[in-house]
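The chain contents come next:
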Amino acid sequence: MIVTEVAELAVIDLGFSWTKGQRGGKVFRQPSVTGTIKNVFEEDIKGDDFVYDESLFVGNLASKHSDIKYFTMDKNKPEAMNTDVIMKTSLGYLGGKKPLNLLTGLPYKFYFDQKSDMENKILSFNDEPSFTLRKGKNKPVNIKLKINDLKIVPQGYGIAMDYILDDQGNIADKNIASKRILVVDLGFYTLNLLGLDKMTIMGESDSTLTGVHKAYKLIQKQLMQAFGQTPELYQLDRFVISGKYEGYDIRPIINSAFEALAIQIMNDINSLNMRFDYYLIGGGAAGFIFRYLDLPNKILFDQLSQINGYKKIGARKWK
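Presented here is an overview of the structure given in this document. (Residues numbered from 1 in each chain as written. Predicted model: local features only at pLDDT ≥ 70, side-chain atom pairs only at ≥ 80, totals over all residues. Heavy atoms only, no water.)

## Thoughts on the sheet that holds strand 6 (residues 56-58)
Strand order across the open sheet formed by 6 strands is 7-4-6-5-9-10, with antiparallel pairing between neighbours. Looking at which strands have only one partner, the edges of the open sheet turn out to be strand 7 (69-70) and strand 10 (141-143). As judged from the 3 bridges shared by strand 5 (residues 50-52) and strand 9 (residues 131-135), these two strands associate in the antiparallel manner. Residue pairing for strand 9: Val51 is matched across the bridge by Arg134. Contacts from helix 2 (residues 83-95) reach strand 4 (34-36), strand 5, strand 6, strand 9 and strand 10, with the element oriented near 70° to strand 9. (Pairing = 2+ DSSP bridges. Helix = DSSP H or I, 4+ residues; strand = E, 2+ residues; numbered from the N terminus. Contact = heavy atoms within 4.5 Å. Axes fitted to C-alpha atoms, helices over the stretch in contact; angles between N-to-C directions.)

So, in structure tokens, the structure goes:
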């Protein structure tokens with residue numbers, strides 16, 4: 001008797017700023033940064049630091065220790081230089097050698113143009129040789145990826161399905177599912193405006209380039225004026241989250257930048273010339289713009305809502 005190993009559901013949200021993923025109880029959450037390797041004191045290696053194939057630091061480890069860092073805002077994700085390594089690292093950690101049913105997403109603006117390329121990129125991992133992955137202070141583990149099945153959805157759809165579906169992928173509230181909903185999915189590079197009417201994606205949906213990076217560039221400009229220096233774009237997250245830079249309270253600078261971004265986002269929403277029953281505001285920086293958005297029935301979702309929704313979509317697809 002031949003025993004066939006059952007594929008397990010894994011979800012990945014590959015963002016320009018952060019990559020999040022989950023399989024069962026395992027969670028991957030790292031900055032979308034890679035970098036050159038170097039000797040690091042053992043005391044400085046954290047439990048969730050990753051080294052890919054003994055050739056590149058990934059995520060937090062790269063941000064903190066690499067002398068040369070690779071961070072891309074290339075809108076063509078399948079061809080972006082970091083996509084391979086970050087995807088393989090996240091999938092290798094989540095799945096190891098287990099066969100996976102993978103669900104991930106692309107910005108709505110690029111979905112139709114890039115979906116086929118992204119599918120080919122991910123499925124090609126099955127034909128590539130194994131690689132090693134080292135986590136924390138552990139020894140390198142040999143990884144051979146096995147992608148059993150794959151589904152790619154427009155980003156923002158995960159947030160909507162996190163609201164509409166239960167953990168088994170069933171409709172949790174038929175009344176809400178029958179409504180017209182707009183997902184305002186604020187990413188680092190793109191803003192996804194995904195409309196749903198009775199759970200059907202509306203053709204009026206759109207993506208703009210009104211992402212978090214717009215606010216971050218304003219913050220950089222003001223920090224340069226105030227301090228004569230500023231962190232790189234990919235390093236700003238921790239200062240924005242803490243509200244401090246060089247020991248000073250920079251929350252007024254942060255609030256001013258995100259208020260300006262929210263005004264542009266409202267312009268993008270109003271340009272749709274449509275009214276919705278619910279506005280779902282999501283993305284890692286959604287909390288910074290939420291109070292500035294003059295919208296009825298607005299609901300705030302956290303950074304992990306997208307992958308929570310992906311899990312529910314996966315449960316619905318691979319029952």
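## Describing the sheet that holds strand 3 (residues 26-31)
As summarised here, the arrangement of the 5 strands in space is 3-2-1-8-11, forming an open sheet in which the pairing is mixed. Edge positions in the sheet fall to strand 3 and strand 11 (146-154), since each has one partner strand and no second. Going across the sheet, the axis of each strand differs from the next one's by a mean of 15°, ignoring polarity. One ladder, built from 5 bridges, connects strand 1 (residues 8-14) with strand 8 (residues 99-106); its direction is parallel. Residue pairing for strand 8: Glu8 is matched across the bridge by Leu100. Sheet contacts for helix 3 (residues 108-123): strand 8 and strand 11; angle to strand 11, the most-contacted strand, approximately 175°.

## A few points about a positive patch on the surface
On the surface, a cluster of positive charge is contributed by Lys46, Lys64, Lys137 and Arg238. Structurally, Arg238 can be placed in helix 7 (residues 237-242). (Patch = residues over 30% accessible without salt bridge, like charges linked within 9 Å, V, L, I, M, F, W, Y side chains within 5 Å. Areas by Shrake-Rupley, 256 points an atom, 1.4 Å probe, with all protein chains shown as cover. Salt bridge = Lys/Arg side-chain N within 4 Å of Asp/Glu carboxyl O. Lys, Arg positive; Asp, Glu negative; His and termini not counted. Charge placed at Lys NZ, Arg CZ, Asp CG, Glu CD.)

## Focus: the pairing of strand 1
Within strand 1, 5 of the 7 residues are buried, leaving the element largely enclosed by the surrounding structure. Looking at chain direction, strand 1 and strand 2 (residues 18-23) are connected through 4 bridges and run antiparallel. Following the sheet pairing, Leu14 is matched in strand 2 by Thr19. Hairpin connection, strand 1 to strand 2: the antiparallel pair is bridged by 3 residues. (Buried < 20%, exposed > 50% of the residue type's maximum accessible area, 1.4 Å probe, protein only.)

## Brief notes about the pairing of strand 18 (residues 278-282)
The buried fraction of strand 18 is high, at 5 of 5 residues. Alternating positions in strand 18 separate into two faces, Tyr278, Leu280 and Gly282 on one and Tyr279 and Ile281 on the other, with burial throughout. Alignment of strand 12 (residues 180-186) against strand 18, held across 5 bridges, turns out to be parallel. Of the residues in strand 18, the one forming a bridge with Leu182 is Tyr279. Where strand 18 and strand 19 (residues 298-300) come together, 3 bridges link them in parallel fashion. Counted as the bridge partner of Leu280 is Ile299 from strand 19.

## Considerations on the environment of Gln264
Of note, Gln264 is situated in helix 8 (residues 251-270). On the basis of relative accessible area, Gln264 is assigned to the partly exposed category, the value being 35%. Linking Gln264 and Gly211, residues 53 residues apart in sequence, is a C-alpha distance of 10.0 Å.

## Some points on the packing of helix 6 (residues 212-227) against helix 8
Contact geometry of helix 6 with helix 8 gives a least axis separation of 9 Å together with a crossing angle of 140°. One element, helix 6, and the other, helix 8, form an angle in the oblique class. The handedness of the crossing between helix 6 and helix 8 comes out as right-handed. In this structure, helix 6 uses Val212, Lys214, Ala215, Tyr216, Leu218, Ile219, Gln222 and Leu223 to contact helix 8, whose residues at the interface are Ile253, Ile254, Ser256, Ala257, Phe258, Ala260 and Leu261. Among the residues forming the contact of helix 6 with helix 8, the class breakdown is 12 nonpolar, 2 polar and 1 charged. (Parallel < 35°, antiparallel > 145°, perpendicular 65-115°, else oblique. Left-handed = near helix turned anticlockwise from the far one by under 90°. Nonpolar A, V, L, I, M, F, W, Y, C, P; charged D, E, K, R; others polar.)

## Brief notes about the environment of Thr34
Looking at where Thr34 falls in the secondary structure, it is placed in strand 4. For Thr34 and Leu56, which are 22 residues apart along the polypeptide, the C-alpha to C-alpha distance reads 6.5 Å. Sequence-distant contacts of Thr34, defined by excluding residues within four places in its chain, comprise Phe57, Val58, Ala62, Ile68, Lys69, Tyr70, Asn82, Val85 and Ile86. One polar contact links Thr34 to Asn82, side chain to side chain, over a distance of 3.0 Å. (Polar contact = N/O pair within 3.5 Å; in protein donor to acceptor, adjacent residues only side chain to side chain.)

## Focus on the packing of aromatic side chains
Inspection of the entire model under this criterion finds 17 aromatic pairs. Considering the side-chain rings of Phe227 and Tyr248, the 5.5 Å spacing of their centres and the 50° angle between planes classify their relative orientation as tilted. Here Phe227, found in helix 6, pairs with Tyr248, found in strand 17 (residues 248-249); they are 21 residues apart in sequence, far enough to count as distant. Here Phe227 falls in the partly exposed class, since its relative accessible area comes to 27%. Following the ring pairs from residue to residue traces out a cluster consisting of Phe71, Phe188, Tyr216, Phe258 and Phe288. Sitting above the plane of the Trp18 ring, Arg29 keeps its charged end 4.1 Å from the centroid. The residue whose ring lies beneath Lys298 is Phe290, and the NZ or CZ to ring-centre distance is 4.6 Å. (Phe/Tyr/Trp six-rings, centres within 6.5 Å; stacked < 30°, edge-to-face > 60°. Lys NZ or Arg CZ within 6 Å of the ring centre and 35° of its normal.)

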